[in-house]
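Listed here are the chains, written in short residue letters.
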Amino acid sequence: MSAFFDAFWPNLAATLVGIVLGAPIALAINQRMLSKQRRLQADDARAQIKDAIDVLVSACKYNIGVLKVICGEALAGRAMHSPDLRVTTWDAVGQILCASSSNPELLQMLSHHWLRLQRLQVLSDEIFAREVAKSLPPIEDQSIMLEFWRVLHDNSLSLSAHAEEAVKKLEMLRKSMVDLDGTTSSR
């Protein structure tokens, strides 16, 4: 029996030392891994937000050009066939911005902008269908038709200015994120 206890006590001591020292070390390693994982997830979320901002800025800049053409055409009494406005951009990337932004005013402005773009596209398509393609009956009352043209002109002009404002606000948001990244990475 003494041979048993001679082997038992050192093994028991080694096991206890392993438990006492191993648990805190294992917890420290786990904490570091979780911290690194959270940092990677935060970096990924910031990258997605920056990409969404880039897509929105690009769409706004593109739409500004199309809106100016629509405005000029409406002023001349002509309608574009299916103006290629990027009307689905907000649907594609808006959720990314909504999930992370603490600026509800900017989110409301952007979602309303894209709603107005869709309505303008519908109006342009209707005018084209009535006046050019003749697939819808033309509007007989000249004053009503002139009102259609005026609304198309005014809304395209307004949306163009609104898109320019959106670009400025989105670029400010992107810059604030870059500034924040610079301050957090220097810690």
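A brief structural summary. (Residues numbered from 1 in each chain as written. Predicted model: local features only at pLDDT ≥ 70, side-chain atom pairs only at ≥ 80, totals over all residues. Heavy atoms only, no water.)

## Remarks on the nonpolar core
Nonpolar side chains in soluble globular proteins generally cluster together in the buried interior. Core analysis: the biggest nonpolar cluster contains 39 residues, and Leu56, Leu85, Leu97, Leu110, Trp114, Ile127 and Leu152 have the highest contact counts within it. Examining the composition of this core, we find that 12 residues originate from one element, helix 1 (residues 2-75), more than from any other. Residue contacts for leucine 152: discarding those within four places in its chain leaves Ile70, Ala74, Leu120, Leu123, Ser124 and Ile127. (Core = buried A, V, L, I, M, F, W, Y, C linked by side-chain atoms within 4.5 Å. Buried < 20%, exposed > 50% of the residue type's maximum accessible area, 1.4 Å probe, protein only. Helix = DSSP H or I, 4+ residues; strand = E, 2+ residues; numbered from the N terminus. Contact = heavy atoms within 4.5 Å.)

## Notes on a nonpolar patch on the surface
A surface patch of nonpolar side chains, about 610 Å² in accessible area, is lined by Val17, Val20, Leu21, Ile25, Ile29 and Met33. Tracing the backbone through its elements, the reader meets methionine 33 in helix 1. On the accessibility criterion, methionine 33 (55% relative accessible area) is exposed. (Patch = residues over 30% accessible without salt bridge, like charges linked within 9 Å, V, L, I, M, F, W, Y side chains within 5 Å. Areas by Shrake-Rupley, 256 points an atom, 1.4 Å probe, with all protein chains shown as cover. Salt bridge = Lys/Arg side-chain N within 4 Å of Asp/Glu carboxyl O.)

## Here's the deal with the layout of surface pockets
Here the largest pocket is characterised by a volume of approximately 170 Å³. Lining the largest pocket are 11 residues, with Arg46, Ile49, Ser100, Leu173 and Met177 positioned closest to its centre. Those elements that place two or more of their residues in the lining of the largest pocket are helix 1, helix 2 (89-100) and helix 4 (142-185). A breakdown of the residues in the lining of the largest pocket according to their chemical character gives 6 nonpolar, 4 polar and 1 charged. (1 Å grid on protein atoms, 1.4 Å probe; cavity = no way out; pocket = protein on both sides within 12 Å on 5 of 7 lines; lining within 4 Å. Points joined across faces, edges and corners; volume = space filled by probe spheres on them. Nonpolar A, V, L, I, M, F, W, Y, C, P; charged D, E, K, R; others polar.)

## Overview of the packing of aromatic side chains
Within the structure shown, the criterion is met by 1 aromatic pair. Between the aromatic rings of tryptophan 90 and tryptophan 114, the centroid separation amounts to 6.3 Å while the plane-to-plane angle is 25°, which identifies the pairing as stacked. Of this pair, tryptophan 90 sits in helix 2 while tryptophan 114 is found in helix 3 (residues 104-131), placing the two residues 24 residues apart along the sequence. Across this residue pair, the class does not change: tryptophan 90 and tryptophan 114 are buried. Geometry around tyrosine 62 places arginine 86 over its ring, the cationic atom sitting 3.9 Å from the centre. (Phe/Tyr/Trp six-rings, centres within 6.5 Å; stacked < 30°, edge-to-face > 60°. Lys NZ or Arg CZ within 6 Å of the ring centre and 35° of its normal.)

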